Protein chains: 2
Amino acid sequence: MQSDNPTAAILVIGDEILSGRTREGNAHHLAQVLNATGFDLREIRVVSDDQDQIVAAVRALDGSLGGAFDLLFTSGGIGPTHDDITADAVAAAHGTTVVVDAGARALLQARCDRMGLELTPNRLRMARIPVGATLIDNAVSAAPGFSIGQTHVMAGVPEVFRGMVDWLIPKLPGGRPVQSLSVEVRRGESDVAEPLAELAREFSDLSLGSYPFHDERGWGTNLVVRGLDAARVAEAMHAVKQRLAL
Amino acid sequence: MQSDNPTAAILVIGDEILSGRTREGNAHHLAQVLNATGFDLREIRVVSDDQDQIVAAVRALDGSLGGAFDLLFTSGGIGPTHDDITADAVAAAHGTTVVVDAGARALLQARCDRMGLELTPNRLRMARIPVGATLIDNAVSAAPGFSIGQTHVMAGVPEVFRGMVDWLIPKLPGGRPVQSLSVEVRRGESDVAEPLAELAREFSDLSLGSYPFHDERGWGTNLVVRGLDAARVAEAMHAVKQRLAL
């Protein structure tokens, strides 16, 4: 698919995904948001709560550090416990250190005051932000995320992650949203492969995908046309239906 | 967590995950199987149907090519259509080429004969296997996966992927399965961070994780102890409950 949209990657940090305990959902949510707002998501990585792995991934993915993509979004590892090392690792990747941020501290203090809690050293850990970063707010938790370089660091708890996505994404300069149309055929992928390959050559400015599935009625295939121009996408879907006599 | 288990990575190949159309589930399933059979899953990557991205990821992750992990499992991109380029890309990463494999061809021919179908050029695409690879069978589809070096290439359709996992994993030399115990507390993570950090130091041979969540009743935290020795894991969980007065 031809696109000048900014490219993006997502880095999910958390042993609970790799252990199979939790099924990843934050990257799936953000993938939908990015496609709808004109960012071209090219890679998702899941790594464990390991400093070296996080640093290497941030460097490989954040374009401002010579990495492969324009923007990097992370999820997880910014809580108050011993295994929350994302802030330190992201700071190290960006060649800086972590300090208690006055703005983040004020947010946490206000929340503690409202709830009659003490701002303990552990709670204060969530105000530790890399030098030079700006805060990412959210409506659920007082603990902020942050942006540094082109790395945007968000929480792992789904409700908080979504709150941060809602706050952050409208502030970023996106591109043209992806338009897509799909149709389901009750045939195996092999039966549609040849006409689809021809159509992919004709509509080389678009992305034509076929996604086979298998259910109690046997094999079927979802055909999906994606592109930035709605009229062109509709034209291609019309051609798909005509060619396959749907 | 101390472990001599073989390390592993999963590479998911497919635009449909990155576009947000499909929520990834194969890596989640395999993560559970790997943990239960003594493999240490360290990374999951999702890339698009792009030759360069797949080649780079295979080289970065397959230890037999100088990559970071002992074993690499892939999902997706081995069907009959124009965008199924996984076999070619994996062959390129391993410095070899793809040919129509006699064994794979026989499997497809037998399936076509049974169903009264012709073995068309598109169906035959699914018999294209890197030179030097061995086949991965499954009970659902006639089209096989394959293993080359330490890269194990499987289908993207969940039923077929699971069939290939069922066939493949028992044949691989695994290690000791991970034992885990968990307990839910109705407190925020900040309230358990300090005792948990102490316990993590005491039980440094284990992994102690805390996974906060937020629901209609407010904040809660799941505490998870993981390790290879069941008695030691039980000992640590006993200490967790005692320390937190659960």
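Definitions and limits used
Residues numbered from 1 in each chain as written. Chains lettered and ligands numbered in written order. Predicted model: local features only at pLDDT ≥ 70, side-chain atom pairs only at ≥ 80, totals over all residues. Heavy atoms only, no water. Helix = DSSP H or I, 4+ residues; strand = E, 2+ residues; numbered from the N terminus. Buried < 20%, exposed > 50% of the residue type's maximum accessible area, 1.4 Å probe, protein only. Contact = heavy atoms within 4.5 Å. Areas by Shrake-Rupley, 256 points an atom, 1.4 Å probe, with all protein chains shown as cover. Lys, Arg positive; Asp, Glu negative; His and termini not counted. Charge placed at Lys NZ, Arg CZ, Asp CG, Glu CD. Pairing = 2+ DSSP bridges. Axes fitted to C-alpha atoms, helices over the stretch in contact; angles between N-to-C directions. Domains from an automatic or database assignment. Least-squares fit on C-alpha atoms with pLDDT ≥ 70 in both. Salt bridge = Lys/Arg side-chain N within 4 Å of Asp/Glu carboxyl O.

- The name that an unreviewed UniProt entry assigns to chain A is Competence/damage-inducible protein A, with the source organism given as Paracoccus tegillarcae.

### A closer look at the overall build of chain A
Logical step 1: For chain A, the helix and strand inventory stands at 9 helices and 11 strands.
Logical step 2: Reported as C-alpha extents along the three principal axes, the dimensions of chain A are approximately 70 × 40 × 35 Å.
Logical step 3: By residue count, 57% of the 246 residues in chain A fall in the buried class.
Logical step 4: The long-range fraction of contacts in chain A, counting pairs at least 24 apart against all pairs at least 6 apart in sequence, stands at 69%.
Logical step 5: Approximately 10000 Å² of chain A is accessible, and the part contributed by carbon and sulfur atoms is 49%.
Logical step 6: Taken together, the 22 basic and 31 acidic charged side chains of chain A have centroids lying 3 Å from each other.

### Brief notes about the side chain of His28(A)
Logical step 1: Assignment of secondary structure puts His28(A) in helix H2 (residues 26-37).
Logical step 2: If sequence neighbours within four positions are ignored, His28(A) has contacts with Gly20(B), Thr22(B) and Arg23(B).

### Details of the sheet that holds strand S10 (residues 207-215) of chain A
All names here are of chain A.
Logical step 1: With respect to topology, 3 strands assemble into an open sheet ordered S9-S11-S10, the strand pairing being antiparallel. The open sheet terminates on both sides in strands that have one partner only, identified here as strand S9 (179-185) and S10. Averaged over all pairs of adjacent strands, the angle between strand axes in this sheet comes to 20°, irrespective of strand direction.
Logical step 2: With 9 bridges joining them, S10 and strand S11 (residues 218-227) adopt antiparallel strand pairing. Residue pairing in the sheet places Phe 213 in a bridge with Gly 220 of S11.
Logical step 3: Against the sheet, helix H8 (residues 189-202) engages S9, S10 and S11, with an angle of about 170° to S10.

### Here we look at the domain arrangement of chain A
Logical step 1: If you check the domain split of chain A, you get domain 1 (7-171) and domain 2 (179-243).
Logical step 2: Of note, the centres of domain 1 of chain A and domain 2 of chain A, computed from C-alpha atoms alone, are 36 Å apart.

### With respect to the relation of the copies chain B and chain A
Logical step 1: Once chain B has been moved 0.0 Å along the axis and rotated by 180°, it coincides with chain A to within an RMSD of 0.0 Å. Both chain copies can therefore be described as sitting about a two-fold axis. Closest to the rotation axis within chain B is the C-alpha of Arg45(B), separated from it by 2.2 Å.
Logical step 2: The share of interface residues of chain B whose copies in chain A are also at the interface is 100%, consistent with both copies meeting through the same surface.

### A word on the sheet that holds strand S10 (residues 207-215) of chain B
Residue and element names in this part refer to chain B.
Logical step 1: A sheet is described by the order of its strands in space; here 3 strands give the open sequence S9-S11-S10, paired in antiparallel fashion. At either margin of the open sheet sits one strand with a lone partner, and together these are strand S9 (179-185) and S10. For this sheet, the mean inter-axis angle between neighbouring strands, taken without regard to orientation, is 20°.
Logical step 2: Note: S9 against strand S11 (residues 218-227), 7 bridges, orientation antiparallel. Note on S11: the bridge partner recorded for Leu 181 is Val 225.
Logical step 3: In the packing of helix H8 (residues 189-202) onto the sheet, contacts are made with S9, S10 and S11, and the angle to S10 comes to roughly 170°.

### Some details on the pattern of salt bridges
Side-chain pairs of opposite charge can arise where the charged atoms are in close proximity.
Logical step 1: Taken as a whole and assessed by the stated rule, the structure comprises 20 salt bridges over all chains.
Logical step 2: Its salt-bridge partner being Asp40(B), residue Arg42(B) comes within 2.9 Å of it at the nearest N-O pair.
Logical step 3: We note a salt bridge from Asp205(B) to Arg232(B), for which the minimum N-O separation is 2.8 Å. Here Asp205(B) is found in the loop between H8 and S10, whereas its partner Arg232(B) is found in helix H9 (residues 230-243), with 27 residues between them in sequence.
Logical step 4: One network of salt bridges, with partners in common, ties together Glu184(A), Arg186(A) and Asp215(A).

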